[in-house]
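# Observations on chain architecture
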Amino acid sequence: MNVRVDLDQFLLSIPENVTLVAATKYVSSDEILKLVNHRIFNIGENRVDSFLLKYSQLQNNGVIWHFIGHLQRNKAKLVANKIDFLHSLDSVELAIKLNELRLTPLKCFIEVSINNEENKNGVSLENLDHFIEEIKPLKNIQIVGLMMMTLKGSSEEQQYKQFNRLKLLLDEINKKHNLSLKELSMGMSDDYKKAIDAGSTYIRLGRILFSE
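Quick notes on the rules
Residues numbered from 1 in each chain as written. Predicted model: local features only at pLDDT ≥ 70, side-chain atom pairs only at ≥ 80, totals over all residues. Heavy atoms only, no water. Phe/Tyr/Trp six-rings, centres within 6.5 Å; stacked < 30°, edge-to-face > 60°. Helix = DSSP H or I, 4+ residues; strand = E, 2+ residues; numbered from the N terminus. Buried < 20%, exposed > 50% of the residue type's maximum accessible area, 1.4 Å probe, protein only. Pairing = 2+ DSSP bridges. Right-handed = clockwise from strand over helix to strand, strands pointing away. Polar contact = N/O pair within 3.5 Å; in protein donor to acceptor, adjacent residues only side chain to side chain.

To continue, consider the packing of aromatic side chains. Summed over all chains, the structure comprises seven aromatic pairs. Between the aromatic rings of F51 and W65, the centroid separation amounts to 5.3 Å while the plane-to-plane angle is 85°, which identifies the pairing as edge-to-face. On the criterion of sequence distance, the pair formed by F51 in helix α3 (residues 48-57) and W65 in strand β4 (residues 64-67) is long-range, its members being 14 residues apart. Both residues of the pair, F51 and W65, belong to the buried class. With centroids separated by 5.8 Å and ring planes inclined at 50°, the aromatic side chains of F85 and Y202 adopt a geometry described as tilted. Of the two residues, F85 is situated in strand β5 (residues 85-89) and Y202 in strand β9 (residues 202-205); the sequence distance between them amounts to 117 residues. Accessibility expressed as a relative area gives 10% for F85, which makes it buried. Three or more aromatic residues link up through ring pairs in this structure, and these residues are F51, Y55 and W65.

Below is the structure:
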């Protein structure tokens, strides 16, 4: 995969108040450097082994590292003090482990299973309030907002409704738990436009940034 030739023009279409996180699961460190040269410094990785390799190759390049995939508790120690953001906090046990490992507070998005899909990662809607109360005392876990993914095959109207549901949920949580969370990590290459329409502040874009 190569960085698309019209990348600078594409970036102009992203609102200034939206942070673009480049999802680089299938991308080499050389291609990530090209993204950095286009001033895309927020880089998102899904897998621990791939992240560690790229992290070692791209130090001192101004990269802000986001872990956007499911993080297993037994691998938390490998990335805990290397990542800047975690977009997939989905268990109290993981939060406790990261809190123990971190030297400074880690910015985290709570991954919410907004559609309550079985066999999918994310905190269920019915458990969300309890989850927040459990992790609030953890000093090295800094919750910044919520993260979600839409159902595959959703129409644009359905995408918007799902994203808007998370936006409303964020407002509800802030009132209920006396919080002031502002960030929403929602939207990927197939649905980022509707995510932005619904109020997303972080979009996780992969293949749309590249050409085959």
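There's more to say after this.
This part is about the pairing of strand β6 (residues 106-111). Within β6, five of the six residues are buried, leaving the element largely enclosed by the surrounding structure. With three bridges connecting them, β5 and β6 associate as parallel partners. If you follow F85 over to β6, its bridge partner there is K107. Handedness of the crossover is the feature at issue here: the chain leaves β5, passes through helix α5 (residues 92-101), returns alongside β6, and the resulting connection is right-handed. Of the pairings in the sheet, the one linking β6 to strand β7 (residues 141-147) comprises six bridges and is parallel in character. Looking at β7, one finds that E111 is bridged to M147.

Another point: the pairing of strand β3 (residues 42-45). Each regular strand displays side chains that alternate between the two surfaces of the sheet. Residue alternation in β3 divides its side chains into two sets, N42 and G44 and I43 and E45, and both sets are buried. As defined by bridge partners, strand β2 (residues 19-23) adjoins β3 across two bridges and the pair is classed as parallel. If you follow A22 over to β3, its bridge partner there is I43. In terms of strand pairing, β3 meets β4 through four bridges, oriented parallel. Across the sheet, the residue bridging to G44 is H66, located in β4. In terms of handedness, the path from β3 via α3 over to β4 forms a crossover that is right-handed.

By secondary structure assignment, the location of T150 is in the loop between β7 and α7 (156-177). Here T150 falls in the buried class, since its relative accessible area comes to 15%. A distance of 2.7 Å separates a polar atom in the side chain of T150 from a polar atom in the side chain of D191.

Such coordinate-based values are descriptive only and should not be taken to indicate function.
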